[in-house]
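Reading the structure
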Amino acid sequence: MPTATLHDGSTIDIEVHGTGPTLLLPVNPRPVEGPQADEMRKVGADPALGRSLIDGLSGQLRVAAFDYEGHVLAEPKPGTLTPANLAADLLAVADAVGAERFAYYGYSWLGLGGLQLAIRTDRLSALVMGGFPPIDGPYEEMLRVTAATHAMATAPTATATGGGDGGAKADAGWGDSGEIDWSSVEMTMSPAQTQQFLTLYEALRDFDDVAAQPRVTCPRLCVAGSADQIDYEERWGGVRVDIGGPLVRRRAELERLGWDVAVLDGLDHMRAMQAEHVLPILRPWLAAHV
């Protein structure tokens, strides 16, 4: 199993499946089991999402799968998870599997990471940015959410949880479903875990995603659900994180900028990441462009 050394000296394992052009896929390749899997199913998540994507794509591509989100939660990088270091980590994974050229598909904050990668390297053969808009991204909103989450994590008594990325009630997409009562659940993330995502969004405070577009030169696709919006209550920053709206409102502009656009009608953040919805889009698009 290949291993990549990341910017902080930590290492991450990579599973490689299939043959053909390389696709970097930052997902957990091992299905979640037990009580955690049961809880994931309750909110519409697939405990085997990573495996489902690997199985669906490795018939035509060499898929390099690595659980980057799981890694940064297990080994937090509170002061160093910057956009540049995130991109450097993705390049380290490509190096570890011997891929000079490679495609990339990331979802949510890892979709954001794909854009940061694309503006820093000419090694990308194709980019698929899921669950985060290439223009009009909610950077300021996610900064407020992650700041609020970090404040909760560092408070003497915490009363709410952040989910998958330290502001990532948005990342998990559970906010508007009514399936979780956020006022009654426990804070489970450590200050170091939440600080690293605050570091990321603080570094993106002044990022101009429209001005950055000429630096993205590879074929590119953005995917999001049309219902991907989350309204946060005041203690989470009192903001709306709108992921799907920019793809709908600014579709013509995105296409003029070189993006192919796929809007999944009626799907929220959680459902739009499921393999049954994205594989019918990813497979033919990657086959045509990689």
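Since the model is a prediction, treat every value here as computed from it, not as a measurement.

Concerning the side chain of Ser125
- Relative to the elements of secondary structure, Ser125 occurs in strand β7 (residues 124-130).
- On the basis of relative accessibility, which here comes to 15%, the residue Ser125 falls in the buried class.
- Beyond its immediate sequence surroundings of up to four residues, Ser125 is in contact with Arg101, Phe102, Ala103, Cys218, Pro219, His289 and Val290.

Focus: helix α11 (residues 275-289)
- Between its terminal C-alpha atoms α11 stretches 20 Å, which fits the 21 Å expected from 15 residues at 1.5 Å a residue.
- Considered for burial, the residues of α11 that qualify are Ala275, Val278, Leu279, Leu282, Trp285 and Leu286.
- Tucked inside the fold, the buried residues of α11 contact β4 (22-25), α2 (49-57), β6 (102-107), β7, β8 (220-225) and β11 (259-264).

Here's the deal with the packing of helix α6 (residues 139-154) against helix α8 (residues 191-203)
- Contact geometry for α6 and α8: axes closest at 9 Å, N-to-C directions at 160 degrees. Taken together, the axis directions place α6 and α8 in an arrangement best described as roughly antiparallel. As α6 runs across α8, the sense of the crossing is left-handed. Residue-level inspection shows Tyr139, Met142, Leu143, Thr146, Ala147, Thr149, His150, Ala153 and Thr154 of α6 in contact with α8, the latter providing Pro191, Thr194, Gln195, Phe197, Leu198, Tyr201 and Glu202.
- Looking at the contact of α6 with α8 residue by residue, the class counts come to nine nonpolar, six polar and one charged.

What to know about the packing of helix α4 (residues 83-96) against helix α5 (residues 109-118)
- Where α4 contacts α5, the axes come no closer than 9 Å and their chain directions differ by 85 degrees. Relative to α5, the element α4 is oriented roughly perpendicular. Across from Pro83, Leu86, Ala87, Leu90 and Leu91 in α4, the residues of α5 making contact are Trp109, Gly113, Gln116 and Leu117.
- Split by residue class, the contact of α4 with α5 holds seven nonpolar, two polar and no charged.

Describing the sheet that holds strand β3 (residues 15-17)
- An order of β3-β5-β4-β6-β7-β8-β11 is seen for the seven strands of this open sheet, with the pairing classed as mixed. The open sheet terminates on both sides in strands that have one partner only, identified here as β3 and β11. The sheet shows a mean angle of 15 degrees between the axes of neighbouring strands, taken without regard to direction.
- Summarising the sheet, β8 and β11 pair through six bridges and their orientation is parallel. Bridge pairing in β11 links Gly225 to Leu264.

Regarding the pairing of β4
- Here β4 shows no split at all, with Thr22 and Leu24 on one side and Leu23 and Leu25 on the other all buried.
- Relative to strand β5 (residues 62-65), β4 runs parallel, the two sharing four bridges. Of the residues in β5, the one forming a bridge with Leu25 is Ala65.

Points about the confidence of the model for the protein chain
- Taken residue by residue, the protein chain gives an average pLDDT of 90. The fraction at 70 or more is 89%.
- Counted against residues more than four places away or in other chains, residues 159-185, with its pLDDT under 50, gives 88 contacts.

Notes on the nonpolar core
- Formed by 60 residues in total, the largest nonpolar core has its most connected members in Tyr68, Trp109 and Tyr201.
- Looking at this core element by element, the count peaks at seven residues for α4.

Cut-offs applied
- Residues numbered from 1 in each chain as written.
- Predicted model: local features only at pLDDT ≥ 70, side-chain atom pairs only at ≥ 80, totals over all residues.
- Heavy atoms only, no water.
- Helix = DSSP H or I, 4+ residues; strand = E, 2+ residues; numbered from the N terminus.
- Buried < 20%, exposed > 50% of the residue type's maximum accessible area, 1.4 Å probe, protein only.
- Contact = heavy atoms within 4.5 Å.
- Expected span 1.5 Å × (residues − 1).
- Axes fitted to C-alpha atoms, helices over the stretch in contact; angles between N-to-C directions.
- Parallel < 35°, antiparallel > 145°, perpendicular 65-115°, else oblique.
- Left-handed = near helix turned anticlockwise from the far one by under 90°.
- Nonpolar A, V, L, I, M, F, W, Y, C, P; charged D, E, K, R; others polar.
- Pairing = 2+ DSSP bridges.
- pLDDT = per-residue confidence, 0-100.
- Core = buried A, V, L, I, M, F, W, Y, C linked by side-chain atoms within 4.5 Å.

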